[in-house]
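What follows is each chain in one-letter form.
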Amino acid sequence: MMPIAAIALPSAADEIGPRRPGTIYQNVGGRFEVLALVTDPREAANLLRREGARSALIVKDILRADGQPYAIGSAWTTSD
């Protein structure tokens, strides 16, 4: 039997990228202020309702007058 090669996952820091509390970033979905960074996997999984989550961000769309904070778990991309 041939061994299966391990696939290295990006680190949580790579997935978060430069999005730290206070950072404002923009993508096709809006312009967001990062309010909090959650790095505890259990808390992130609870916030995102997704097993295996390693981190989460609490963001607010600052282009919306009625924008409410919410959790996201999307990875950072160069289009952000």
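In the block above lies the structure referred to throughout.
Residues numbered from 1 in each chain as written. Predicted model: local features only at pLDDT ≥ 70, side-chain atom pairs only at ≥ 80, totals over all residues. Heavy atoms only, no water.

## So, the overall build of the chain
The number of helices and strands found in the chain is two helices and four strands. Sequence-ordered secondary structure for the chain, helices as α and strands as β, is α-β-β-α-β-β. Across the chain, every contact between residues at least 6 apart in sequence was considered, and the portion connecting residues at least 24 apart equals 45%. Total accessible area on the chain is roughly 5800 Å²; 55% of this is exposed by carbon and sulfur atoms. (Helix = DSSP H or I, 4+ residues; strand = E, 2+ residues; numbered from the N terminus. Contact = heavy atoms within 4.5 Å. Areas by Shrake-Rupley, 256 points an atom, 1.4 Å probe, with all protein chains shown as cover.)

## Observations regarding the packing of aromatic side chains
Enumeration over the complete set of coordinates arrives at one aromatic pair. Look at tyrosine 25 and phenylalanine 32: their rings are 5.5 Å apart centre to centre, the planes differ by 35°, and that puts the pair in the tilted class. Residue classification places tyrosine 25 among the buried positions, given a relative accessible area of 7%. Exposure remark for phenylalanine 32: the relative accessible area of 6% places this residue in the buried category. For arginine 19, the ring lying beneath its charged end belongs to tyrosine 25, and the centroid distance is 5.4 Å. (Phe/Tyr/Trp six-rings, centres within 6.5 Å; stacked < 30°, edge-to-face > 60°. Buried < 20%, exposed > 50% of the residue type's maximum accessible area, 1.4 Å probe, protein only. Lys NZ or Arg CZ within 6 Å of the ring centre and 35° of its normal.)

## Digging into the environment of asparagine 27
Counting through the fold element by element, asparagine 27 comes out in strand β1 (residues 24-27). For asparagine 27, a relative accessible area of 25% puts it in the partly exposed group. Looking at asparagine 27, its side chain comes within polar contact range of the main-chain nitrogen of glycine 29, at 2.8 Å. (Polar contact = N/O pair within 3.5 Å; in protein donor to acceptor, adjacent residues only side chain to side chain.)

## A look at the sheet that holds strand β4 (residues 70-72)
Strand pairs in the sheet, formed through backbone hydrogen bonds, run parallel or antiparallel to each other. Taken in spatial order, the four strands of this open sheet run β1-β2-β3-β4, and their pairing is antiparallel. Of all strands in the sheet, those bounded by a partner on one side alone are β1 and β4. Each strand axis lies, on average, 45° off the axis of its neighbour in the sheet, ignoring direction. Against the sheet, helix α2 (residues 41-48) touches β2 (30-38), β3 (56-61) and β4, its axis set at about 45° to β3. (Pairing = 2+ DSSP bridges. Axes fitted to C-alpha atoms, helices over the stretch in contact; angles between N-to-C directions.)

## Quick notes on the pattern of salt bridges
Counted under the stated rule, the structure contains one salt bridge. A salt bridge links aspartate 66 to arginine 64; the nearest nitrogen and oxygen atoms lie 3.3 Å apart. The exposure class assigned to arginine 64 is partly exposed, which follows from its relative accessible area of 47%. (Salt bridge = Lys/Arg side-chain N within 4 Å of Asp/Glu carboxyl O.)

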